[in-house]
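# A look at the structure
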Amino acid sequence: MENECLKLQICDAIQRNSYYMHDFYDFDGSAFKIINEKDAPHKTMLCFTCRGAQTILDNGGQQLLEDKYAEFCLGDTHEGFEVVLTLDPATKPQKVKAPSGASDEEKAKIKEDNAQAKIKLAELADEVAGRWCRLKSEFMGAPIRKALVSLQEDSKDSYFVEVPYRKDEKYWVKKQETSALFYYNLNFTDPTDIALTRMMCNELKDTKKISTQSITVNYQSKVSLAGDLVAELGLDPEKSKCGLISFTLKKEHIKKNLETACYFLTTFRQYVEFHIRMVKLLLHSRMRKRISKFEIVFAKSLREGLHKKIETKTFMRDNRSRKPEEEKISTSSRMNEEEYTIG
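The rules behind these values
For every chain, the first residue of its written sequence is number 1, and the numbers climb from 1 along that sequence. The model is predicted, so local features are restricted to residues of pLDDT at least 70 and side-chain atom pairs to those at 80 or more, both for listing and for counting; the totals for chains, interfaces and linings are taken over all residues. The basis for every side-chain value is the complete set of non-hydrogen atoms in the structure, without hydrogens or water. Only DSSP runs of H or I covering at least 4 residues are called helices, and only runs of E covering at least 2 are called strands; the numbering of each starts at the N terminus. Only protein chains enter the accessibility calculation, which uses a 1.4 Å probe; a residue whose area is less than 20% of its type maximum is buried, one above 50% is exposed, and one in between is partly exposed. Pairing of N or O atoms within 3.5 Å defines a polar contact, subject to two protein rules: one partner must be a possible hydrogen donor and the other a possible acceptor, and residues neighboring in sequence count only if both atoms are side-chain atoms. Working rule for contacts: check all heavy atoms of both residues, and any pair within 4.5 Å makes them a contact. The pairing criterion is simple: DSSP has to find at least two bridges between the two strands. Lines fitted to the C-alpha atoms define the axes, with helices restricted to the stretch that makes contact. Angles between their N-to-C directions range from 0 to 180 degrees. Salt bridge criterion: a side-chain nitrogen from Lys or Arg within 4 Å of a carboxyl oxygen from Asp or Glu. Without a salt bridge and with relative accessible area above 30%, a residue can belong to a patch; like charges are then joined within 9 Å and nonpolar side chains (Val, Leu, Ile, Met, Phe, Trp, Tyr) within 5 Å. The method behind every accessible area is Shrake-Rupley, applied with a 1.4 Å probe, and residues are considered shielded solely by the protein chains displayed. Note on aromatic pairs: the rings of Phe, Tyr and Trp (six-membered ring only in Trp) are paired at centre separations within 6.5 Å, and the planes decide the class, stacked below 30 degrees, edge-to-face beyond 60, tilted for the rest. Lysine and arginine charges are scored as sitting over a ring when NZ or CZ, respectively, is within 6 Å of the ring centre and within 35 degrees of the ring normal.

Here the focus is the side chain of His 253. Within the element layout of this structure, His 253 appears in the loop between strand S9 (244-250) and helix H9 (258-266). With a relative accessible area of 18%, His 253 lands in the buried category. Separated by 3.0 Å, the side chain of His 253 and the backbone nitrogen of Lys 250 make a polar contact. Look past the residues within four positions of His 253 in its chain and what remains in contact with it is Gln 213, Ser 214, Ile 215 and Thr 248.

So, about the environment of Glu 123. Structurally, the position occupied by Glu 123 is in helix H3 (residues 104-132). You can call Glu 123 exposed: its relative accessible area is 53%. Along the primary structure Glu 123 and Gln 15 are separated by 108 residues, whereas in three dimensions their C-alpha atoms are 9.9 Å apart.

What follows covers the sheet that holds strand S5 (residues 159-163). Sheet strands line up and pair through hydrogen bonds in the backbone, either parallel or antiparallel. Sheet architecture is open: five strands sit in the order S5-S6-S7-S9-S8, paired in antiparallel fashion. Taken across any chain shown, the strands that pair with only one partner, and hence form the sheet edges, are S5 and strand S8 (216-220). Looking at each pair of strands side by side, their axes are set apart by 15° on average, direction ignored. In this sheet, S9 lies alongside strand S7 (residues 179-185) in antiparallel orientation, the contact comprising seven bridges. From the neighbouring strand, Leu 181 faces S9, where its bridge partner is Thr 248. The strands touched by helix H6 (residues 191-205) within the sheet are S8 and S9, with S8 carrying the most contacts at an inclination of about 145°.

Moving on, we get to the pattern of salt bridges. Applying the stated criterion across every chain, the model contains 19 salt bridges. For Lys 136, the salt bridge goes to Asp 26, with nearest N and O atoms at 2.5 Å. Of this pair, Lys 136 sits in helix H4 (residues 135-140) while Asp 26 sits in the loop between strand S1 (20-25) and strand S2 (31-36), and the two are 110 residues apart along the sequence. Accessibility expressed as a relative area gives 13% for Lys 136, which makes it buried. Relative accessible area serves as the criterion here: at 37%, Asp 26 is assigned to the partly exposed category.

Moving on, we come to the side chain of Thr 248. Position of Thr 248 relative to the elements: it lies in strand S9. You can call Thr 248 buried: its relative accessible area is 14%. In contact with Thr 248, not counting residues within four places along its chain, are Ser 179, Ala 180, Leu 181, Ile 215, Thr 216 and His 253.

Okay, a nonpolar patch on the surface next. Where nonpolar side chains cluster on the molecular surface, the patch consists of Phe 274, Met 278 and Leu 281 and spans about 300 Å² of accessible area. With respect to the secondary-structure elements, Leu 281 resides in helix H10 (residues 268-300). Given a relative accessible area of 53%, Leu 281 falls into the exposed group.

A few words now on the pairing of S9. Judged by how many residues are buried, S9 sits mostly within the fold: six of seven residues are covered. Sheet topology places S8 next to S9; five bridges connect them, and they run antiparallel. Bridge pairing in S9 links Tyr 219 to Ile 245.

Another aspect to go through is unusual backbone geometry. The backbone of Asp 154 shows a phi angle near 60°, a positive value even though the residue is not glycine. Within the secondary structure, Asp 154 is located in the loop between helix H5 (142-152) and S5.

Moving on: the packing of aromatic side chains. By the definition in use, this model includes 12 aromatic pairs. Here the aromatic rings of Phe 264 and Phe 268 are separated by 5.9 Å at their centres, their planes lie at 65°, and the arrangement is edge-to-face. Residue Phe 264 is classed as partly exposed on the basis of its relative accessible area, which comes to 28%. The rings of Tyr 165, Tyr 171, Tyr 184, Phe 247, Phe 264, Phe 268 and Tyr 271 are connected pair by pair, giving a single aromatic cluster. Between the NZ or CZ atom of Lys 38 and the centre of the ring of Tyr 19, over which it lies, the distance is 5.1 Å.

Okay, structure coming up:
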């Protein structure tokens, strides 16, 4: 999952040769910092932290960094951040200044080389930024990846990990000899969000009826302290208002699509939140269309002539001893004025 805003800032920092610093904060408590240091403006660093970062590092996070980001793990540190990636300045194409006394041909050649270096630097920045902006998704799902890889390799190891990746939410990884279980407690606070989440989780639970080859999904809409699973997970019912959902995967489920399974499990919470927002948006758009149609029907239902002004008639009285005078029977504006002579 790429963060386009973060990607643009990383590209900008890599192509600079001057001091630069930019901070990013996400709703789940994670944070990024992009730095070009004053003492080394050619060196670009990406610092990252999130909830439960140390737990993730100890349970697959460090291995992930070594496998996917080895060339950027140069041993740099930054206070308040558990992960720091550094782009080696030696890998960045640099522009060259023309020496004094250089001929016109040499200046033209240097200018052409600098133009090529600028293009190569932009390409390098785009490539590195594309990898770095996926760091959060891959790092926060490192314990999940570790369990799936172990399952794929037929490892008989068994272990249990709790990852507090959000303020009031956690996920648990329970690796067994022939399967891996992943638990999520969902804790939305809005009543509508809670109702929609329960509907979605119940639909996921029913996928087993459609295909016998699908993964096993179990869902408890309400968490009770009396349950054995709650005691095993150390779950707080007050922080699980939408219930507890679990996915059980075996080797046959990830034989050909380990990356897909890992991505879905890592981004499951974002998947649920995204669809809640889209359902609300769809309902609101339908309501607006319905109201617009109702307004049209209401406008057409008004009686004809309701907005027309009342007609005014003027009567002229003919009296020999008095001057003619007008007698108005209505104060509205004259429409289709008619005159009658009374003898």
